[in-house]
Amino acid sequence: FLTLTCLCRLHHDHENAGAVEHAVMSVRWSPNGQQLAASLGDGEVKVIDIDSGHVIRSMAQGSGHHCAVSCVRWGLSSEDHSVLIVGRTDGTVAGWNSASNSIVWEVKEDNNEIYAVDHSYDGLQFATAGKDRIIRIYDASNHRLVRKLSGSGLINPVHKSRIFSLKYSFMHSCLVSGGWDHTVQVWDPRVDTDGSVRIFHEDVFVSGDSVDVWNNDVTVGSWRRDKNLLMFDLGSGNLIRDISFDISEDDEPATIYCAQFTKHNNGANVVAGSSGNNMVRIVESASGKAVAAVSRLPHAVLSCHTHPVRSMFAFGSADGTAHIVDYSNIDS
């Protein structure tokens, strides 16, 4: 397969490269694809201009928040698209206006660490998940809690351990989540139950933002040596195909932290980043064939996101670097 090179590299200056507090925990393209947000383990969020490759705005660690920003999403409900939703490991979720460099709202989830945030495609709601295994749904207009999916009843299936990935479905009014309990679960807020409505019956181990949804397909990356990238049918929960990294005997095993469908070509590819062999690979969704990669990176790849309209993706590493990659030369 083709080896790709990075167009742009952002380095977060620090003395201890690879330390958790300086890792790039989450990267996210703005809705128009002109900017990239990157959140770090030391509590900062940086916004990068795609044309110049320079940091144009930075959110320093807020007063009283000495923790990681584990996830970031660009808000869709506001007329001002400069507002980002940031989730922190101290259990707070906040709206940061990157243009004015100010926190415009903040919600505290007691006794929780937030690892995942996502918004509905209509921009009316956003949801959080993390250490306490509860999925919380908020009204995006006033940031009030409207639903808790916690499995209060004995018969309602729920996650039994931390949730690290949470995604709204575009075609369906449902959420898909994955975590340390070796399950991927589907939640439907329209039904009168606090538990999930479907569980994928495969042994997965989600340790980062590695669950993504495209139409009826769900890709799941796992932090494990085999079956580390799988494709499921959203409606049935059945395994469609195994598209795992095919690694030679000379390489370290690929344990996947992040996975995303490509958007510019209607989910024809999956981009996934790993530790172990420290690489990002693009595979065909239909066959699992590897078509390109960024390989031999010095540190684990913790986060990735594909561009909304162009054949580009970004990824963040444990050494505090964020990279932008153009893969237009592999498109047919």
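Scroll up to find the structure.
The rules behind each value
Residues numbered from 1 in each chain as written. Predicted model: local features only at pLDDT ≥ 70, side-chain atom pairs only at ≥ 80, totals over all residues. Heavy atoms only, no water. Pairing = 2+ DSSP bridges. Helix = DSSP H or I, 4+ residues; strand = E, 2+ residues; numbered from the N terminus. Axes fitted to C-alpha atoms, helices over the stretch in contact; angles between N-to-C directions. Phe/Tyr/Trp six-rings, centres within 6.5 Å; stacked < 30°, edge-to-face > 60°. Core = buried A, V, L, I, M, F, W, Y, C linked by side-chain atoms within 4.5 Å. Buried < 20%, exposed > 50% of the residue type's maximum accessible area, 1.4 Å probe, protein only.

Novice: Report on the sheet that holds strand β12 (residues 125-130), specifying residues and quantitative values.
Specialist: Across a sheet, strands are paired by hydrogen bonds formed along the backbone, either parallel or antiparallel in direction. Ordered by their spatial adjacency, four strands build an open sheet running β11-β12-β13-β14, and the pairing between neighbours is antiparallel. Sheet topology places β11 (114-119) and β14 (145-149) at the edges, where each strand pairs with a single neighbour. Between one strand axis and the next, the sheet turns through 20° on average, direction left out of account. Where β12 and strand β13 (residues 135-139) come together, four bridges link them in antiparallel fashion. Paired with Q125 across the two strands is D139, which belongs to β13.

Novice: How would you summarise the sheet that holds strand β20 (residues 217-221) if you had to cite specific residues and measurements?
Specialist: Within the open sheet, the four strands sit side by side as β19-β20-β21-β22. Their pairing is antiparallel. One side of each edge strand has no neighbouring strand; the edge strands of this open sheet are β19 (211-214) and β22 (239-242). Taking each pair of neighbouring strands and ignoring which way they run, the sheet shows an average axis angle of 20°. Note: β19 against β20, four bridges, orientation antiparallel. Counted as the bridge partner of V211 is V220 from β20.

Novice: Could you give me a rundown of the packing of aromatic side chains, with the residues and numbers involved?
Specialist: Within this structure, the stated rule accounts for ten aromatic pairs. Measuring from centroid to centroid gives 6.3 Å for W180 and F205, while their planes differ by 0°, and the two rings are stacked. Note that W180 is positioned in the loop between β16 (175-179) and β17 (184-187) and F205 in the loop between β18 (198-200) and β19, a separation of 25 residues in sequence. Members of the aromatic cluster, each reached through a chain of ring pairs, are Y115, F164, W180 and F205.

Novice: So what about the nonpolar core? Which residues, and what values?
Specialist: In this structure, V176, V218, V220, F232 and L234 are the most contacted members of the largest nonpolar core, which totals 16 residues. Membership of the second largest hydrophobic core comes to 15 residues, among which are V291, A292, V294 and V301.

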